[in-house]
Amino acid sequence: MNNPIADEDDHTGSVSLEMAEKVLHQGELFLQAQFESAIASDQRAMTMAAFFASVAAAIAAGAIAYWDKSSDVPILIAGLSGSSLMAVGACVCLWAARPVDFYFPGSHPSCWESVLNRPLNEVLWGEAQNYQDNIEKNAEFLETNGKMLSRGAMLSAASPLIAIAIWVLSAAISPSYPAELVSDDSHSPSSLDVYRNISR
């Protein structure tokens, strides 16, 4: 907790008690607003992280289930790639909700012990300056976490499109397993029929 008396400047002695109280009150209101905004941001980040993690798990499970039935490798690669990217986005959103050193309105009573004999207007003005420092530090935390949340959300939202692109590329490079059986002379028509019956 900051000391209620900030660094001395030319304005400390000229600030009236009424003005110091007014400025201090505005600082408290702003810190409280930042605190409420931080709580809402953390809740939003946790909700998005949980949602993206659930969707990533569902995509991976679906891709594996489809591959198990059809042996379609491009679908497996695309599904696992997309789910991995979405999981990374969920982790980034979760990181945005991590605990940080955040400054709240008010101060410990013990911080005032060393200034009990100072003029009240000077003490309150010094505390208002401390509030300003805390507001700027909180703003940095909010901006950094907001950017992280946006990046995580954009990565997760883009992962299905990236998965589709990977699927198209994989399908173009590596043909499906039934096609390989048809083009391979080592497989007899009977073995191809057995594969088709199993796939059904």
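(A) Just the nonpolar core, in detail. If you look at the biggest cluster of nonpolar residues, it comprises 11 residues: A45, A49, F52, A56, M86, A90, C93, A96, A97, L149 and A153. When residues of this core are traced back to their parent elements, those giving at least two are helix 1 (17-70), helix 2 (73-96) and helix 3 (120-173). Leaving out residues up to four positions away in the same chain, C93 has contacts with A45, M48, A49, F52, L149, G152 and A153. Grouped together as the second largest cluster of nonpolar side chains are 9 residues, L24, L31, W125 and A128 included.

(B) Structural view of the pattern of salt bridges. For the coordinates displayed, the defined rule picks out 2 salt bridges. The residue R118 makes a salt bridge to E122 at a minimum N-O spacing of 3.1 Å. On the accessibility criterion, R118 (33% relative accessible area) is partly exposed. Of the charged contacts, one joins K147 and E143 as a salt bridge, the two residues approaching to 3.5 Å between their closest N and O atoms. Of this pair, K147 and E143 both sit in helix 3, 4 residues apart, which is roughly one turn of that helix. Relative accessible area serves as the criterion here: at 43%, K147 is assigned to the partly exposed category. Overall, E143 belongs to the partly exposed group, its relative accessible area being 48%.

(C) Looking closely at helix 1. The end-to-end C-alpha separation of helix 1 is 79 Å, in line with the 80 Å expected for 54 residues at 1.5 Å each. One or two positions beyond helix 1, positive phi appears at S71, with a value near 60°.

(D) Looking closely at the packing of aromatic side chains. Per the stated rule, a full pass over the model turns up 3 aromatic pairs. Put simply, the rings of F35, F102 and F104 pair up and form one aromatic cluster.

(E) Seen up close, the packing of helix 1 against helix 2. Interhelical geometry of helix 1 versus helix 2 gives an angle of 165° and a closest axis separation of 8 Å. As judged from the angle between their axes, helix 1 and helix 2 are roughly antiparallel. Along this stretch, helix 1 crosses helix 2, giving a crossing that reads as left-handed. Counted by class, the contact of helix 1 with helix 2 contains 24 nonpolar, 2 polar and 1 charged residues.

(F) View of the packing of helix 1 against helix 3. Packing of helix 1 against helix 3 leaves a shortest axis separation of 9 Å and a crossing angle of 20°. Accordingly, the angle class assigned to the pair helix 1 and helix 3 is roughly parallel. Crossing of helix 1 over helix 3 shows left-handed handedness. Considered class by class, the residues forming the contact of helix 1 with helix 3 number 20 nonpolar, 7 polar and 4 charged.

(G) How the structure looks around the confidence of the model for the protein chain. Looking at the protein chain as a whole, the pLDDT averages 83, with 80% of positions reaching at least 70. Under a pLDDT of 50 for its full length, residues 177-200 has, in the predicted model, 14 contacts with residues more than four places off or in other chains.

What counts as what
- Residues numbered from 1 in each chain as written.
- Predicted model: local features only at pLDDT ≥ 70, side-chain atom pairs only at ≥ 80, totals over all residues.
- Heavy atoms only, no water.
- Core = buried A, V, L, I, M, F, W, Y, C linked by side-chain atoms within 4.5 Å.
- Buried < 20%, exposed > 50% of the residue type's maximum accessible area, 1.4 Å probe, protein only.
- Helix = DSSP H or I, 4+ residues; strand = E, 2+ residues; numbered from the N terminus.
- Contact = heavy atoms within 4.5 Å.
- Salt bridge = Lys/Arg side-chain N within 4 Å of Asp/Glu carboxyl O.
- Expected span 1.5 Å × (residues − 1).
- Phe/Tyr/Trp six-rings, centres within 6.5 Å; stacked < 30°, edge-to-face > 60°.
- Axes fitted to C-alpha atoms, helices over the stretch in contact; angles between N-to-C directions.
- Parallel < 35°, antiparallel > 145°, perpendicular 65-115°, else oblique.
- Left-handed = near helix turned anticlockwise from the far one by under 90°.
- Nonpolar A, V, L, I, M, F, W, Y, C, P; charged D, E, K, R; others polar.
- pLDDT = per-residue confidence, 0-100.

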